[in-house]
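Secondary and tertiary structure notes
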Amino acid sequence: MSGMSGRRTIAVLGATGNQGGGLVRAVLDDPAAPFAVRAITRNAGSGRARELAARGATIVEADLGDPASLRPAFVDAHGAYVVTNFFESMSADVEKAQARAAAGAVKDAGVSHVIWSTLEDTRTALAGSGVPELQGTYTVPHFDAKDDANAYFRELGVPTTFLRTTFFWEAFTQGLGPRRGEDGTLALTLPLGERRLSGIASEDIGRTAYGIFKRGVELVGETVSIAGEHLTGQQYAAAFARALTEPVEYRPMTVEQFRALRQPTSDEFANMFRYYHDAEAEFTGDRELSKVRDLNPRLQSFDQWLGLHLGSFTGL
């Protein structure tokens, strides 16, 4: 639908979160935007929702757990961004149910272009690796559930671009970043060996989605796999050292050592890092940075992202 300005509406799930918020801000930041933005949130009264409203977004309340609330949120929208949050429920079944509900809602609303935020199926790459199956037959549930959910959009004939994301650099601020040892030395400890880890600033996921919407129907039916950089553990440690202006060692650990930390997400993340290690060539190869930059000229390097977010790290 075109608003009074003649701009078509993009409805964005997760509008106050990382990915959806990045897309909403990308539209609002562009004075020549061909789109208006409808920010879908569970709480229109939240501080983040009010900030987006003050900048010109239309705020609509809806909940992925309540399919009936979703349908009105997409009515008359030209585009829709669909993202689910596995880590809220920690359940592949819940995530798939949410994706199915969203696919049905955008289909019923007749949305012309949907971007579904998804990931690869890890099960083939990890077959025979000895990693434990989780939640039934998954190896990395938050990857595998999203890949399974691709079928909901295809089976309903929803005009979809499948946006495959990757490791968010924000995870470094949530316990995966460098730690200072008893001797005062900073060390980055990851179960990567010498392999590369594709990472991205979460803000750039939304910015790239905006580039896809601007590109339009030529990307309907396509899979677009994205990253900001592909770096080894040593290269990540070197970037931290540059930003902090002190040495940071890279100390690789094994996946099983990581699993033995016994955090709530230890099994999920241990299997994830094993996948990043074993499938490195294909995973990084599918994420051609020049193509991502074509869609998102503002794509950040890790050094750039780190310079903006050093204040988010604690214990350094």
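Look a little higher up for the structure.
One structure accompanies this document, and this report is about it. What you are looking at is a predicted structure, and each value in this text was computed from that prediction instead of being measured. (Residues numbered from 1 in each chain as written. Predicted model: local features only at pLDDT ≥ 70, side-chain atom pairs only at ≥ 80, totals over all residues. Heavy atoms only, no water.)

What follows deals with the layout of surface pockets. Taken as a whole, the second largest pocket spans an internal volume of roughly 290 Å³. Lining the second largest pocket we find 18 residues, and of these Gly 17, Asn 18, Gly 21, Arg 25 and Glu 203 sit closest to its centre. Within the residue set of the lining of the second largest pocket, elements represented by two or more residues are α1 (18-29), α2 (47-54), α8 (202-215) and α14 (302-309). The residue makeup of the lining of the second largest pocket, split by class, is five nonpolar, seven polar and six charged. (1 Å grid on protein atoms, 1.4 Å probe; cavity = no way out; pocket = protein on both sides within 12 Å on 5 of 7 lines; lining within 4 Å. Points joined across faces, edges and corners; volume = space filled by probe spheres on them. Helix = DSSP H or I, 4+ residues; strand = E, 2+ residues; numbered from the N terminus. Nonpolar A, V, L, I, M, F, W, Y, C, P; charged D, E, K, R; others polar.)

Attention shifts here to the environment of Leu 289. Along the chain, Leu 289 turns up in helix α13 (residues 289-295). When the C-alpha positions of Leu 289 and Leu 299 are compared, they lie 9.0 Å apart, and in sequence the two are ten residues distant. In this structure, Leu 289 is in contact with Ala 227, Gly 228, Glu 229, His 230 and Leu 299, ignoring residues within four places of it in sequence. (Contact = heavy atoms within 4.5 Å.)

Here strand β2 (residues 35-41) lies mainly inside the structure; six of its seven residues are buried. Bridge count for strand β1 (residues 8-12) against β2 is five bridges, and the pairing is parallel. When the sheet's bridge partners are listed, Ala 11 is paired in β2 with Arg 38. Read from β1 through α1 to β2, the crossover connection turns out right-handed. By the bridge criterion, four bridges tie β2 to strand β3 (residues 58-61) in an arrangement that is parallel. Pairing of Ala 39 across the sheet is with Ile 59, part of β3. (Buried < 20%, exposed > 50% of the residue type's maximum accessible area, 1.4 Å probe, protein only. Pairing = 2+ DSSP bridges. Right-handed = clockwise from strand over helix to strand, strands pointing away.)

The strand order β7-β10-β12 describes an open sheet built from three strands, whose pairing is mixed. The sheet is open, and its two borders are formed by β7 (167-168) and β12 (229-232), each paired with just one other strand. Summarising the sheet, strand β10 (residues 196-200) and β12 pair through four bridges and their orientation is antiparallel. Paired with Ser 198 across the bridge in β12 is His 230.

Turning next to helix α7 (residues 141-155). Relative to the 21 Å expected for 15 residues at 1.5 Å per residue, α7 spans 22 Å between its end C-alpha atoms, a close match to the ideal helical length. Restricting attention to buried positions, one finds in α7 the residues Pro 141, His 142, Phe 143, Asp 144, Ala 145, Lys 146, Ala 149, Asn 150, Tyr 152 and Phe 153. Gly 157 occupies a position one or two residues after α7 and carries a positive phi of about 70°. (Expected span 1.5 Å × (residues − 1).)

Here the focus is the pattern of salt bridges. Inspection of every chain in the model, using the stated rule, returns 24 salt bridges. Between Arg 25 and Glu 203 there is a salt bridge, with its nearest N and O atoms 2.6 Å apart. One end of the pair, Arg 25, is in helix α1; the other, Glu 203, is in helix α8, and 178 residues separate them in sequence. Look at Arg 25 and you get partly exposed, because its relative accessible area is 27%. Across the pair Asp 278 and Arg 274 runs a salt bridge, and its minimum N-O distance is 2.8 Å. In this pair, Asp 278 and Arg 274 are both assigned in helix α11 (residues 266-278), four residues apart and thus about one turn of the helix distant. On the basis of relative accessible area, Asp 278 is assigned to the partly exposed category, the value being 33%. The network of salt bridges with common partners includes Lys 96, Asp 121, Arg 123, Asp 144 and Asp 148. (Salt bridge = Lys/Arg side-chain N within 4 Å of Asp/Glu carboxyl O.)

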